[in-house]
Every structure is written in structure tokens, then in C-alpha cells.
Amino acid sequence: MMLAAPSQVDSRRVKEQAMLLGFQLVGVCPASPPPHYEQYRHWLEKGYHGTMEYLVEHLPLKQNPSELLPDVKSIIAVGLNYNQDPEHKPGEPKVARYALGRDYHKVLRGKLKHLANWIEQQHPNALCRPCVDSAPIMERDYANLAGLGWFGKNTMLINSRRGSWFFLGLLLTTVEFEPDQPALGVCGTCTRCVDACPTGAIVYEEDHWQIDARRCISYLTIEHKGPVDEQLVADWSFGCDICQEVCPFNQPRDSQPERAQKTTEAGFLNRTPLPNLQRLANLEWGEWDQLTRGSALRRTGIEGLKRNAGINLRNLESSVGS
């Protein structure tokens, strides 16, 4: 932790409050421009974002956090564990772990609002703005600057003690809190995520690792509308966990009990039972609405979910026939 300047507020109490709210990771960084903005802009120029045009539209807002909160001084970055054992059987939907329970936007935003209220009670003139990943801000940059983790080859933020099974949230505030040191770490020679990615979506260009979303299963099953290469989607119905499942930092280790630890967040553990693929591929709107209410699964829309289930069925039939 850096030594606090005379104008800075000690960050220990706000970190304690964040932990009481259930966050496993918390750190603070200055509200400076994001260090990887130009790298991100080049990524967009290469078209690696696929059809996610909203990323291009939001680009100007990501230049500086003051675009979201004028006079912002500090950014509090938090991490919330979502890891749990998947339960996937042939003929059933295969869903990324982060989408098994309640929509993380709702869970994180609720906790961040509580933290914002606490700050505003302690500092009556303070302003705060909670941001989850739907906000136009480069959350991984600020989480790294706040000491939560470093960038892996799969571009995930990895915490050396906890791995990468955690959501990121940011709280922008006009209070100038004492900042933390940026996180340091490297993957070294390990290429397990690169080798395991079945579609070759993890690429090395311009001296850094990046994701070509056009080949990423998560993008294809969630963000992309319309037809997709069915061989790329394989048996995933929503999202993909492969690059995290093979990461050494997500493997249990007796000397580090936090690593691969399962979540205790009630909202994430309260799963809605999913119908089998056959039924999912033929959902009526009312059933889809009930099934996805309060769930991240709603993101892909009814047609996307039905499309994915149909692809899964055809790929399953093909694999059985071969």
C-alpha cells in the first residue's frame, strides 16, 4: 500500500466495509485514464469485437472515468467469487458457471450501492457511481491498478491467490482514498488456455495476448445474433469456461485454500432448473420469460437460446452417430 498523501483518506475502513458486504477482493486506485486504452482501440479497429458495435459507440466514454462521474478522484475495485461445480449431462444445456445463478449485474450493483451509501454517510459531500461491466469503463485496467489481479494469456484478470473465478465491480467516488499498488504476475511459459481453446480465439499479436471474439464461444452463444459456425459452438449453450478450467491458478492447492474456493453467495447458488435441450430448442415466449427472469441467460434472447440448443442437439446427434 502506498503512503497516503495529506489530502487522502485512509482506505482501510472502506475496504473493511466492502468485505462485510461479501466481496473477497477489494482495492483502490486513482481515477486516472486507463493505461490500455490505445491497445483496446486497436483491438476494435481490427474487428475483433465482431458485431458488438456498442463497444465502438462507447469508446469515447472509456477515455477517462470523469466521463461517468465528474470530479471523480478514486476508483474502488471489488471482486466477488462465483465459482461452483457445474452439473452438465448429455442432453442438457451446458452453461458457463457465472450464469448458473442470479444475474451478477443485480448482485454486484446492489452491494456496490450499499458501499456507496456507506461512503456518502461518512463523507456527506461525496458523490459515487457504481459500475458493473455494462458501464462504459475499462474495469480490468482499474482492477489491475487497484491490486486485484494481473492479465493472463486468456485476457482474464488473475489473482495469484484466488485465480479468476470472480466478477469485477467498480465504485467511482469523489473521495480521494489512499491507493494500492498495481498487481503483478505472469503466466510464464504456460499456454494451457491457448492450447485448450477449441476455436483458436486466443491470439498473440502486437506483443500481447488478445481475444478474437469472432471465434470465441462465449461471444458466439451470447452476443452474436443470427447464424453461427455450429462446429465452433459445439456443446455450449451459453458462454464457455474452458480457458479458466485449465488455468493452473484455478486448480485447488492445499497451501492456498482460497484457490478454486466455491462461492457462498446465496444468489449465485440459487439455481433455476433448466429444461433439457429438446425443450429449450422449442421454448415458447412465456416459458422463456419465466426461465430467464433475473438471470444472465436473458442476455442472449429467446431466439439465441433456442438457436444454441438446436446446435447442441445437432452436434450431439452427430457425435453419437460417429
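What comes next concerns the included structure. (Residues numbered from 1 in each chain as written. Predicted model: local features only at pLDDT ≥ 70, side-chain atom pairs only at ≥ 80, totals over all residues. Heavy atoms only, no water.)

What about the state of the cysteines?
Our working definition: By disulfide we mean two sulfur atoms from cysteines, separated by a distance within 2.5 Å. The buried label goes to any residue with under 20% of its type's maximum accessible area, the exposed label to any with over 50%, and the partly exposed label to all in between, with areas taken from a 1.4 Å probe on protein chains only.
Tallied over the entire structure, the rule returns 0 disulfides. Free cysteine: C190, not disulfide-bonded; nearest cysteine sulfur from C187 at 6.5 Å. Residue class for C190 comes out partly exposed when judged on its relative accessible area of 24%. No disulfide involves C193; its nearest neighbouring cysteine sulfur is the one of C187, lying 6.2 Å away.

Thoughts on helix α2 (residues 37–45)
Note the cut-off: Each helix corresponds to a stretch of at least 4 residues labelled H or I by DSSP, and each strand to a stretch of at least 2 residues labelled E; elements are numbered beginning at the N terminus. Of all possible arcs, the one meant is that of the directions from the helix axis to the C-beta atoms. For this analysis, residues touch if any pair of their heavy atoms sits within 4.5 Å.
All of the buried residues in α2 are Y37, Y40, W43 and L44. Mapping the buried residues of α2 onto a view down its axis gives an arc of 115 degrees, with all of them on the same face. Buried positions along α2 lie against α3 (53–57), α5 (139–145) and β8 (208–211).

Let's talk about the nonpolar core
Quick reminder of the rule: We define a nonpolar core as any set of buried Ala, Val, Leu, Ile, Met, Phe, Trp, Tyr and Cys residues linked to one another through side-chain atoms lying within 4.5 Å.
Core analysis: the biggest nonpolar cluster contains 36 residues, and F23, I76, Y98, Y104, I119 and L171 have the highest contact counts within it. At the level of secondary structure, the elements contributing two or more residues to this core comprise α1 (12–20), β1 (25–30), β2 (74–81), α4 (104–122) and β6 (166–173). Ranked by residues supplied to this core, first place goes to α4 with 8 residues. Beyond its immediate stretch of four places on either side in the chain, Y98 contacts Y82, Y104, F167, I222, F238 and A296. Of all hydrophobic cores here, the second largest spans 21 residues; its members include A135, A143, L157 and L168.

A few points about the environment of C193
By the secondary structure assignment, C193 is in helix α6 (residues 192–196). Under the relative-accessibility criterion, C193 is labelled buried at 9%. Placed 40 residues apart in sequence, C193 and K153 show a C-alpha to C-alpha distance of 7.3 Å. Not counting chain neighbours up to four residues away, the residues in contact with C193 comprise K153, N154, I202, C243 and V246.

Focus on the pattern of salt bridges
Short version of the rule: Definition used for salt bridges: Asp or Glu carboxyl oxygen within 4 Å of a side-chain nitrogen of Lys or Arg.
The final tally for this structure, using the stated rule, is 18 salt bridges. In this structure, the salt-bridge partner of R299 is E223, at a minimum N-O distance of 3.0 Å. In this pair, R299 is assigned in the loop between α12 (285–292) and α13 (301–321) and E223 in helix α7 (residues 217–223), connecting sequence segments 76 residues apart. Ionic contacts of the salt-bridge type, sharing partners, join the residues E38, R41 and E45 into one network.

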